[in-house]
Each structure stands twice: as C-alpha cells, then as structure tokens.
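Descriptive structure summary
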Amino acid sequence: MSYRMIYDHTKFVLEKVSFDPFLFRKELRKENKSLLPYEIEQLRTWLEDFTNEKPELQQYLSIVC
C-alpha cells in the first residue's frame, strides 16, 4: 500500500469513527504511528479543519505531533 493510500485511509477511518470520541482517539493513535512525518503534518492540518465544528474531538489534536 502506498503512503498516499495510507494517508487517505487514515482520513477515511477517522471520518467514519468521528461519531464516537473514544473510537476517534483510539484510531488516531493507531493511525498516527503509520504515517510519515510530512503526512502527520498534513493530517494535523486536516484535523484542525475537520474538528472545527466538533469540539468534542478537538482535545485529541495533541495526539498528532
């Protein structure tokens, strides 16, 4: 699987589990380990936008370093 596919898969999974903060946190931790440094930065940017209207998920932004 290419890295771009991993990044896209990560976003897909996080979108699907965003209804449950516990699952979101769990998946974010898991997915964070499989990304390259530049992808982590992209993910952080995406997460900031994605969680903008989901305050219950914003607390997990710190997982992505």
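Structure shown above.
All values reported here derive from a predicted model rather than from experimental measurement.

With that out of the way, let us pick up the packing of aromatic side chains. Within this structure, the stated rule accounts for one aromatic pair. Geometrically, the ring pair formed by Trp46 and Phe50 is stacked, given 4.7 Å between the ring centres and 10° between the ring planes. Note that Trp46 and Phe50 are positioned in helix H3 (residues 37-50) at a spacing of four residues, about one turn of the helix. According to the relative accessible area criterion, Trp46 is buried, its value standing at 15%.

Let's shift gears to the pattern of salt bridges. Following the criterion strictly, the structure yields two salt bridges and no others. The closest approach of N and O atoms between Glu27 and Lys30, which form a salt bridge, is 3.3 Å. Linking Glu27 with Lys30, this pair stays in helix H2 (residues 21-32), spanning three residues, or about one helical turn. The class for Lys30 is partly exposed, based on a relative accessible area of 49%. With its nearest N and O atoms 3.8 Å apart, the salt bridge here joins Arg44 to Glu48. With Arg44 and Glu48 both in helix H3 and four residues apart, this pair spans about one turn of that helix. When its relative accessible area of 26% is taken as the criterion, Arg44 is described as partly exposed. By relative accessible area, which is 40% here, Glu48 ends up partly exposed.

We now examine the packing of H2 against H3. Axis separation between H2 and H3 bottoms out at 12 Å; the angle between their running directions is 160°. In terms of axis orientation, H2 runs roughly antiparallel to H3. Relative to H3, H2 is oriented so that their crossing is right-handed. Facing H2, whose interface residues are Phe24, Leu28 and Asn32, H3 presents Ile40, Leu43, Leu47 and Phe50.

Calculation criteria
- Residues numbered from 1 in each chain as written.
- Predicted model: local features only at pLDDT ≥ 70, side-chain atom pairs only at ≥ 80, totals over all residues.
- Heavy atoms only, no water.
- Phe/Tyr/Trp six-rings, centres within 6.5 Å; stacked < 30°, edge-to-face > 60°.
- Helix = DSSP H or I, 4+ residues; strand = E, 2+ residues; numbered from the N terminus.
- Buried < 20%, exposed > 50% of the residue type's maximum accessible area, 1.4 Å probe, protein only.
- Salt bridge = Lys/Arg side-chain N within 4 Å of Asp/Glu carboxyl O.
- Axes fitted to C-alpha atoms, helices over the stretch in contact; angles between N-to-C directions.
- Parallel < 35°, antiparallel > 145°, perpendicular 65-115°, else oblique.
- Left-handed = near helix turned anticlockwise from the far one by under 90°.
- Contact = heavy atoms within 4.5 Å.

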